[in-house]
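So the chains spell out like this:
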Amino acid sequence: MEQCLAMYELYKGLPRARGRYKITKQKDGEKVQGNATTVREPYTPDCWKKHLTGVEGLGVIPITDEGTCSWGAIDIDKYPLDLETISEQLAAKELPVIVIRSKSGGAHITAFFSEMIPCTDVRRVLVELADIS
C-alpha cells in the first residue's frame, strides 16, 4: 500500500472524480481497445492498488477546481513507435520529463512541476513536447 500512496501523492488529482478504463480487445502490435469512462467517485490511494494490480485502468484528472495542476501528460500514438529514440531526443534537450510506454503501445510523456501552475501553461508545454517526439 506504500507504493500506492506514493503514486497517489505524485499524481495529485481532482479528489471527486477519476477515469476508469476496461480493456475489451488487445492484439500484438495494435492499439489496445477498451471502454474509458469518467466516474464521479473519489480518487484515493486504493484506485492505485486496483490499477497496479491490473484490476482496472486509472485515469487521474490532474486539473483542480482552480484550473491549476502540478503535472501533465500527453499521449503519443504513432505506430510503430520507437520509445528509446523519443526518450533520447528528450534527454538530449535536458527536459525534466519521463517517457512511459502506454497500454496501447504508444507513449505517455509526463512533465511534473514543483508547484501548482495554470493548466493553460501546462498544455502549452505538452504540445511542444509532442512536437519534439
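What you see is a predicted model; the values in this text were computed from it and never measured.

Asks: Can you help me understand the packing of aromatic side chains in this one?
Replies: Here a ring pair, both rings aromatic, is described through the centre-centre distance and the interplanar angle of the planes. Following the criterion strictly, the structure yields 4 aromatic pairs and no others. A ring pair is formed by Tyr11 and Trp71, whose centres lie 4.8 Å apart and whose planes are at 85 degrees; its orientation type is edge-to-face. Of this pair, Tyr11 sits in the loop between α1 (2-10) and β1 (18-25) while Trp71 sits in strand β4 (residues 68-76); the two residues are 60 residues apart in sequence, bridging distant segments of the chain. Here Tyr11 falls in the buried class, since its relative accessible area comes to 10%. Owing to a relative accessible area of 6%, Trp71 belongs among the buried residues under this scheme.

Asks: Mind showing me how you'd approach the sheet that holds β4 here?
Replies: Adjacent strands of a sheet form backbone hydrogen bonds with each other and so pair up, either parallel or antiparallel. Read from one edge to the other, the open sheet built from 3 strands follows the order β4-β6-β5, with strand pairing classed as antiparallel. Bordering the open sheet on either side are β4 and β5 (97-101), each of which pairs with just one other strand. For this sheet, the mean angle separating the axes of adjacent strands, direction not counted, is 25 degrees. Relative to strand β6 (residues 107-118), β5 runs antiparallel, the two sharing 5 bridges. Across the sheet, the residue bridging to Ile100 is His108, located in β6. In this fold helix α4 (residues 119-132) packs onto β4, β5 and β6, with an angle of close to 150 degrees to the strand it touches most, β6.

Asks: Just checking my understanding: could you explain the nonpolar core for this structure?
Replies: Soluble globular proteins: nonpolar side chains tend toward being buried together. Judged by nonpolar contacts, the single largest core of 16 residues is most densely connected at Ile74, Ile76, Leu81, Ile109, Leu126 and Leu129. Only β4, α3 (83-92), β6 and α4 provide two or more residues apiece to this core. Among the elements that line this core, the one with the most residues is α4, at 5 residues. Counting residues in each nonpolar core, the second largest holds 8 residues, with Cys4, Cys47, Trp48 and Val60 among its members.

Asks: Even after reading the chapter, I still don't get the pattern of salt bridges, so can you show me in this structure?
Replies: Should their charged atoms come close, side chains of opposite charge can pair. Per the counting criterion, the structure on display carries 6 salt bridges. A salt bridge links Arg20 to Glu41; the shortest N-O distance between them is 3.0 Å. With Arg20 in strand β1 and Glu41 in the loop between β2 (33-39) and α2 (45-52), this residue pair connects regions lying 21 residues apart in the sequence. We classify Glu41 as partly exposed; its relative accessible area is 31%. Across the pair Arg20 and Glu56 runs a salt bridge whose closest N-O atoms are separated by 3.5 Å. Within this pair, whereas Arg20 is found in strand β1, its partner Glu56 is found in the loop between α2 and β3 (57-59), the two being separated by 36 residues in sequence. Through salt bridges with shared partners, a single ionic network connects Arg18, Arg20, Glu41 and Glu56.

Criteria and cut-off values
Residues numbered from 1 in each chain as written. Predicted model: local features only at pLDDT ≥ 70, side-chain atom pairs only at ≥ 80, totals over all residues. Heavy atoms only, no water. Phe/Tyr/Trp six-rings, centres within 6.5 Å; stacked < 30°, edge-to-face > 60°. Helix = DSSP H or I, 4+ residues; strand = E, 2+ residues; numbered from the N terminus. Buried < 20%, exposed > 50% of the residue type's maximum accessible area, 1.4 Å probe, protein only. Pairing = 2+ DSSP bridges. Axes fitted to C-alpha atoms, helices over the stretch in contact; angles between N-to-C directions. Contact = heavy atoms within 4.5 Å. Core = buried A, V, L, I, M, F, W, Y, C linked by side-chain atoms within 4.5 Å. Salt bridge = Lys/Arg side-chain N within 4 Å of Asp/Glu carboxyl O.

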